[in-house]
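Given next are the chains, with one letter for each unit.
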Amino acid sequence: MRRIHVGNALSAFGLGFTVPYLYVYVAQVRGLGATTAGLVLAVFAVAALIVLPFAGRAIVRRGPLPVLLAALVTAALGALSLGLAGDATAVLLSAAALGAGQAVMQPALATMIVDCSTADTRARAFAMQFFLQNLGLGIGGLIGGHLVDTTRASSFTLLFAIEAAMFLLLVVVMSTVRMPHAPRMEEAPTGAVKGSWKQLLGNRAMVQLCALGFVLFFACYGQFESGLSAYGVEAAGMSTSVLGTALAANTLMIVVAQFAVLRLVERRRRSRVIAGVGLLWAVAWVAAGYAGLGHGSQEMATAAFVSAYALFGLGEAMLSPTVAPLVADLAPEGRAGQYNSAFALVKQLALAVGPAVGGPLAASLPAPYIVTFLLVSLGITGLALRLGQRLTPLQDRPWSAGSRVVSRGGAAAEPVSAEA
């Protein structure tokens, strides 16, 4: 588990070097224009949507470690070639490789955490993963910002080379991991693979969780760097430095509050925690609305806008030990990789749709934008409470298992003993 956490930190650290500067690199440094830069960002999403369904099956058949190693090598090649690419075709192909590798890392690492944890330790393990991811992204972005120089393409090549080196270093670290035995699909009855997606779609609790996950990512992550930032600039008159401060406040809240929040939520019903996040984010949208639509001073507006990002971070800290363990507990034995990949696919869809909807709406209709996402946040609360009615007691309250294991597969079931 320690090696897995090191892997999460290294991958996030490498991504933090390049992700904030990708648009500037393609559009300005390589001189390929805003259209190509926008296509690069779209290619990241499209590549993820293409590979994730296959990644889930590969993880189930071969195990998460071989899939992770293949994804890391692919991402390293994509990052290195992106730093050397000089024309649009090379940039887009490199971005596709980097995006595909990055997308597959997420469910592979999540499945490794599931295989190396128990129902009692899983929430804390995923909280640690989220903490290290944000810490790695923040430190990587900070160092990358001091290394980069928009007048020298070689400085960006250095950033992408460092990112590739992080992925290759992670290959070395992960190669030393010896995973505990977990059931694989080659051990399953014939025809089980073909019916696995049908079984997943038949799991009503998992389908509801995916719908809830789409709304969560659409309303929060899908708005950070598009709708909410456009709203801040256009309606609230925020400068780019304030936007940077707001993003820093979001990361700082996660890093500072993660384990304090964990102690508060790990003994509470998962559905109620997610419902509470919806209410918290509704308050965040009210604060953002005041920043742009209120009549206070600029200082008050700035404080409200930064507070909105901080409240989003607090909600993220509540979700990290809640949602990912729930996905694992809904998965039948041996299928955690497929369920993690399906949920990652939903996340990518939300991240693709969120900016496309939020950006134009925030720039042209700021008041309806705030009202819309305020209602969406309240909708999260309603969806979470409805999901709670579908979960078994042990899926919603895993700490109550005692000597019993978490009931898996999404269907209502009687608790079984540890001996069973």
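What you see is a predicted model, and the numbers here were worked out from it, not measured in a lab. (Residues numbered from 1 in each chain as written. Predicted model: local features only at pLDDT ≥ 70, side-chain atom pairs only at ≥ 80, totals over all residues. Heavy atoms only, no water.)

### Digging into the overall build of the protein
And then number 1: For the protein, the helix and strand inventory stands at 18 helices and zero strands.
And then number 2: Projected onto its principal axes, the C-alpha positions of the protein cover 65 × 50 × 35 Å.
And then number 3: Within the protein, the fraction of its 420 residues that count as buried is 52%.
And then number 4: Considering only contacts within the protein whose residues lie at least 6 apart along the sequence, 82% involve residues at least 24 apart. (Helix = DSSP H or I, 4+ residues; strand = E, 2+ residues; numbered from the N terminus. Buried < 20%, exposed > 50% of the residue type's maximum accessible area, 1.4 Å probe, protein only. Contact = heavy atoms within 4.5 Å.)

### Brief notes about the nonpolar core
And then number 1: Counting residues in hydrophobic clusters, the biggest one holds 118 residues, and the most contacted among them are Met206, Leu209, Leu228 and Phe305.
And then number 2: Setting aside residues no more than four positions away along its own chain, Met206 makes contact with Leu200, Val327, Leu330, Tyr339 and Phe343.
And then number 3: Judged by nonpolar contacts, the second largest core, of five residues, contains Ala48, Ala103, Ala344 and Leu345. (Core = buried A, V, L, I, M, F, W, Y, C linked by side-chain atoms within 4.5 Å.)

### Structural notes on the confidence of the model for the protein
And then number 1: Confidence in the prediction of the protein, expressed as mean pLDDT, is 84, and 90% of residues score 70 or more.
And then number 2: Low pLDDT, under 50, characterises residues 183-194; the predicted model gives this stretch 19 contacts beyond four residues in sequence or across chains.
And then number 3: Every residue in residues 403-420 is under pLDDT 50, and counting partners more than four places away or in other chains gives 39 contacts. (pLDDT = per-residue confidence, 0-100.)

### What about the packing of helix H5 (residues 88-115) against helix H6 (residues 122-147)?
And then number 1: Contact geometry of H5 with H6 gives a least axis separation of 10 Å together with a crossing angle of 150°. Every pair of crossing elements has a handedness; the one defined by H5 and H6 is right-handed. Across from Leu109, Ala110, Ile113 and Val114 in H5, the residues of H6 making contact are Arg122, Ala125, Phe126 and Gln129.
And then number 2: By residue class, the composition of the contact of H5 with H6 is six nonpolar, one polar and one charged. (Axes fitted to C-alpha atoms, helices over the stretch in contact; angles between N-to-C directions. Left-handed = near helix turned anticlockwise from the far one by under 90°. Nonpolar A, V, L, I, M, F, W, Y, C, P; charged D, E, K, R; others polar.)

### Some words on helix H16 (residues 336-364)
And then number 1: Helix length check: H16, at 29 residues, gives a terminal C-alpha distance of 42 Å against a target of 42 Å (1.5 Å per residue), a fit within 8%.
And then number 2: Of all the bends in H16, the greatest reaches close to 25° and is centred on Gly354; the proline Pro355 follows between one and four positions later. (Expected span 1.5 Å × (residues − 1). Bend = angle between axes of the 7 residues up to and from the residue.)

### Comments concerning the environment of Pro360
And then number 1: Position of Pro360 among the secondary structure elements: in helix H16.
And then number 2: A sequence separation of 129 residues divides Pro360 from Tyr231, and the C-alpha atoms of the two residues are 9.5 Å apart.

### Thoughts on the packing of aromatic side chains
And then number 1: If you walk through the whole model with that rule in mind, you get 14 aromatic pairs.
And then number 2: Relative to Phe160, the ring of Tyr25 has its centre 5.0 Å away and its plane inclined at 55°; by these criteria the two rings are tilted. Linking Tyr25 in helix H2 (residues 22-29) with Phe160 in helix H7 (residues 153-175), this pair joins segments that are 135 residues apart in sequence.
And then number 3: Taking the relative accessible area as the measure of exposure, Tyr25 reaches 0% and is therefore buried.
And then number 4: Judged by its relative accessible area of 2%, Phe160 falls in the buried class.
And then number 5: The rings of Phe214, Phe218, Tyr231, Trp281, Trp285, Phe312, Tyr369 and Phe373 are connected pair by pair, giving a single aromatic cluster.
And then number 6: The ring of Tyr221 carries Lys347 above its face, with NZ or CZ at 5.9 Å from the centroid. (Phe/Tyr/Trp six-rings, centres within 6.5 Å; stacked < 30°, edge-to-face > 60°. Lys NZ or Arg CZ within 6 Å of the ring centre and 35° of its normal.)

### A few points about the packing of H2 against helix H3 (residues 33-62)
And then number 1: Orientation of H2 relative to H3, taken along the N-to-C sense of each, is 145°, at an axis distance of 8 Å. For the crossing formed where H2 meets H3, the hand is right-handed. Listed contacts from H3 to Leu22, Tyr23, Val26 and Ala27 of H2 are Gly33, Ala34, Thr36, Ala37, Gly38, Val40, Leu41 and Phe44.
And then number 2: Partitioned by chemical class, the residues of the contact of H2 with H3 number nine nonpolar, three polar and no charged.

### Let's talk about the pattern of salt bridges
And then number 1: What the rule picks out here adds up to four salt bridges.
And then number 2: For Asp329, the salt bridge identified is with Arg270, shortest N-O distance 2.9 Å. Placement of the pair is Asp329 in helix H15 (residues 323-330) and Arg270 in helix H13 (residues 270-293), with a sequence separation of 59 residues.
And then number 3: In this structure, a network of salt bridges that share partners links the residues Arg122, Arg270 and Asp329. (Salt bridge = Lys/Arg side-chain N within 4 Å of Asp/Glu carboxyl O.)

### A closer look at the environment of Arg270
And then number 1: In this structure Arg270 comes out as buried when scored by relative accessible area, which is 6%.
And then number 2: For the pair Arg270 and Gly244, spaced 26 residues apart in sequence, the C-alpha separation works out to 32 Å.
And then number 3: In this structure Arg270 touches Thr322, Pro325, Leu326, Asp329, Gln395, Asp396 and Pro398, once residues within four positions along its chain are discounted.

### Some details on a nonpolar patch on the surface
And then number 1: On the surface, Leu135, Ile139, Leu142, Ile143, Leu147 and Leu158 cluster together to form a nonpolar patch covering roughly 470 Å² of accessible area.
And then number 2: The element that contributes the greatest number of residues to the nonpolar patch is H6, accounting for five residues.
And then number 3: One can find Leu147 in helix H6. (Patch = residues over 30% accessible without salt bridge, like charges linked within 9 Å, V, L, I, M, F, W, Y side chains within 5 Å. Areas by Shrake-Rupley, 256 points an atom, 1.4 Å probe, with all protein chains shown as cover.)

### Overview of the side chain of Ser229
And then number 1: Considering the arrangement of structural elements, one finds Ser229 in helix H11 (residues 227-234).
And then number 2: With a relative accessible area of 14%, Ser229 lands in the buried category.
And then number 3: Excluding residues within four positions of it along the chain, Ser229 makes contact with Gln223, Phe224, Leu243 and Tyr309.

### Quick word on the state of the cysteines
And then number 1: Tallied over the full model, the rule gives zero disulfides.
And then number 2: Take Cys210: it sits in no disulfide, and the sulfur closest to it among the cysteines is that of Cys220, at 18 Å.
And then number 3: Cys210 gets classed as buried once you look at its relative accessible area, which sits at 11%. (Disulfide = S-S within 2.5 Å.)

### Observations regarding the environment of Ala108
And then number 1: In this fold, Ala108 is placed in helix H5.
And then number 2: Excluding its chain neighbours within four sequence positions, the residues that come into contact with Ala108 are Ile59, Pro64 and Leu68.

### Re H2
And then number 1: All of the buried residues along H2 are Leu22, Tyr25, Val26, Ala27 and Val29.
And then number 2: Elements in contact with the buried residues of H2: helix H1 (2-18), H3, helix H4 (64-84), H5 and H7.
And then number 3: Immediately downstream of H2, the backbone of Gly31 shows phi near 65°, a positive value.

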